[in-house]
Amino acid sequence: MAERQGAVEKVERLGANRMDESWKELQEFYQGKRVLVTGHTGFKGSWMCRLLEKLGAKVSGYSLAPPTDPALFDVAGLEDTMESYTGDVRDFRHLLEVFETVKPEVVFHLAAQPIVRDSYKEPVYTYETNVMGTVYVLECIRRTSTVRSFLNVTTDKVYDNKEWEYGYRECDPLDGYDPYSNSKSCSELVTHSYKKSFFESGQCAISTSRAGNVIGGGDFARDRIIPDCVRAVCAHQEIVVRNPYSIRPYQHVLEPLFVYLLIAMKQWKDPKFEGYYNVGPDDRDCITTGVLVDLFCQAWGEEAGWTDRYDGGPHEANFLKLDCSKLKAIFGWRPRWNVGEAVQKAVEWTKAYLAGEDMGQVMDRQIEEFFRRDGENHV
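Sequence positions are assigned chain by chain, starting from 1 and proceeding in written order. Predicted model: local features are reported for residues with pLDDT of at least 70 only, side-chain atom pairs are reported and counted for 80 or more only, and whole-chain, interface and lining totals are derived from all residues. Values reported for side chains reflect all heavy atoms of the structure, with hydrogen atoms and water molecules removed beforehand.

Description of the packing of helix 3 (residues 43–54) against helix 14 (residues 359–371)
Put simply, the rule is: Where helices are involved, their axes are fitted lines through C-alpha atoms of the stretch in contact, as for all axes, and angles between N-to-C directions lie from 0 to 180°. The way it works is that DSSP assigns letters per residue, a run of H or I at least four long becomes a helix, a run of E at least two long becomes a strand, and they are numbered from the N terminus. Roughly parallel refers to an angle under 35 degrees, roughly antiparallel to one over 145, roughly perpendicular to one between 65 and 115, and oblique to any angle outside these ranges. Any pair of residues with heavy atoms lying within 4.5 Å of one another is described as a contacting pair. Under the scheme applied, nonpolar residues are Ala, Val, Leu, Ile, Met, Phe, Trp, Tyr, Cys and Pro; charged residues are Asp, Glu, Lys and Arg; polar residues are all the others, including Gly.
Between helix 3 and helix 14, whose axes approach to 11 Å, the crossing angle comes to 75°. By the angle between their directions, the pair helix 3 and helix 14 is classed as roughly perpendicular. Between helix 3 and helix 14, the residues in contact are S46, W47, R50, L51 and K54 and G360, Q361, M363, D364, Q366, I367, E368 and F371, respectively. Here the contact of helix 3 with helix 14 is built from residues that sort into five nonpolar, four polar and four charged.

Following this line, the structure appears as structure tokens:
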């Protein structure tokens, strides 16, 4: 047993030695930092917490119970490795109590009602969660002197989308169409107002980040294309695609999470980095849903296939692309995995899950692959 443990530790050390300079910089900054993540039981929140734990942060989370069954938060065993507070971002008193208990230094706001179709069914709940939830988080920060860096995570759908072929820039007008998109536009405006009204003194650096569509292992949500693909192939059914011609900026979930960590670190060190940042793939990875499903079927194998079946659902944009030149110019950033690699990683994770592997270890392995300095794509 001792020999086996020693071998495992040796492999971990070798993996750590291969991590690139960006990982080492993040690790140096986040080591020992008190970090609060809202929405930590969701898909992106769970990956974010795992990342922060590997960086050595003292991670706390505030969220409703996991939104799906199964849920990444549960299968990765995160309940046992971090401080997890169950609560609603609309409950200001409880949220403030958690802030007073945790005394966070860095806050990432990911809590949201994130599904476009659900926003048509429950618009009031969507606005309460996405707008007033942001107000309450910012008010807690205003009343908590320990917070030095805050990032509000929104979406590429905040823009007034004319479905033009150019990528939207951070200076373009905000005006999301559906209740979800519009509520996130409002969340941006709330953040801008609080920043100008209450944080010009430098108490806390504040930014927002607008991410494109994320894919990856552990997403069990409804009305998302990769989870829908997984459910269909596991049931030995043909994948049903509602709109195979819609174009979206697809990226692996680790891409925006790395950027979130980078922004929060940089603005802590120098307020000149505060701002509004798009994070999405290069133009070649802005693809149709049909092409994405083709990539999934190729990665999955086993005669996976799909069919086009428009269901007459509510309005969703057909074309959406981000211009990420600001992020690239300021931070020297560029994507690490293309969309094909992102799909492959999602399939690898899912097959490991179905095989009963330790999913925390699988997440760690993919994180290490993402940050390896001998990979093709670096910052």
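Details of the side chain of K184
Rule in force here: With a 1.4 Å probe rolled over the protein chains alone, any residue whose accessible area is under 20% of its type maximum counts as buried; one over 50% counts as exposed, and the rest are partly exposed. In this tally, Asp and Glu contribute negative charge and Lys and Arg positive charge; neither His nor the terminal groups of the chain are included. Just to be clear on terms, a salt bridge is a Lys or Arg side-chain nitrogen sitting within 4 Å of an Asp or Glu carboxyl oxygen.
Mapping K184 onto the fold places it in helix 8 (residues 179–198). Although K184 is buried, it makes no salt bridge; E188 carries the closest opposite charge, 8.1 Å away. Contact partners of K184, with chain neighbours within four places excluded, come to A112, N130, V153, T154, T155 and V158.

Focus on the environment of K328
To be explicit about the condition: Throughout this description, a polar contact denotes any pair of N or O atoms lying within 3.5 Å of each other; where both atoms belong to protein, one of them has to be capable of donating a hydrogen while the other can accept it, and for residues adjacent in sequence the pair is counted only when both atoms sit in side chains.
In this structure, K328 sits in helix 12 (residues 325–331). Once the C-alpha coordinates of K328 and V106 are considered, the two residues, 222 residues apart in sequence, prove to be 23 Å apart. If we ignore the near neighbours within four places in the chain, the residues touching K328 are D282, W333 and P335. At a separation of 2.7 Å, a polar atom in the side chain of K328 contacts the side chain of D282.

What about a negative patch on the surface?
Heads up, the rule is: Surface patches are defined over residues having more than 30% relative accessible area and no salt bridge, joining like charges when they lie within 9 Å and nonpolar side chains (Val, Leu, Ile, Met, Phe, Trp, Tyr) when within 5 Å. We get accessible surface area from the Shrake-Rupley algorithm with a probe of 1.4 Å; when it comes to residues, only the shown protein chains can shield them. To locate a charge, the coordinates of NZ of Lys, CZ of Arg, CG of Asp or CD of Glu are taken.
On the surface, a cluster of negative charge is contributed by D69, D74, E79 and D80. Topologically, D80 is positioned in the loop between helix 4 (72–75) and strand 3 (83–86).

Notes on helix 7 (residues 123–142)
Operational definition: Here a helix's expected span is defined as the number of its residues, less one, multiplied by 1.5 Å. Bend, at a single residue, is the angle you get between axes fitted to the 7 residues ending at that residue and the 7 residues starting at it.
Here helix 7 spans 28 Å end to end across 20 residues, near enough to the 28 Å set by a 1.5 Å rise per residue. The sharpest bend along helix 7 measures roughly 30° and falls at M132.

Remarks on the environment of D294
Within the element layout of this structure, D294 appears in helix 11 (residues 289–300). For the pair D294 and A304, spaced ten residues apart in sequence, the C-alpha to C-alpha distance is 9.1 Å.

So, the sheet that holds strand 11 (residues 286–288)
Formally: We treat two strands as partners when DSSP finds at least two bridges between them.
Across the sheet, three strands lie side by side as 7-9-11; this open sheet has mixed pairing. Two strands bound the open sheet, and with one partner strand each, they are strand 7 (213–215) and strand 11. Adjacent strand axes in the sheet meet at a mean angle of 50° when their direction is disregarded. Bridge count between strand 9 (residues 247–252) and strand 11: three bridges; the pairing is antiparallel. Note on strand 11: the bridge partner recorded for R248 is I287. Strands strand 7 and strand 9 of the sheet are contacted by helix 10 (residues 254–269), whose axis makes an angle of about 70° with strand 9. On the sheet, helix 11 packs against strand 7, strand 9 and strand 11 and is oriented at approximately 90° with respect to strand 11.

Points about the pairing of strand 9
Among the six residues in strand 9, six count as buried, and that is most of the element. Two strands pair when backbone bridges link them, and strand 7 and strand 9 are joined in this way by three bridges, in the parallel orientation. Each bridged residue has a counterpart across the sheet, and for I215 the counterpart in strand 9 is H252.

Function cannot be inferred from these measures alone, as they are strictly geometric.
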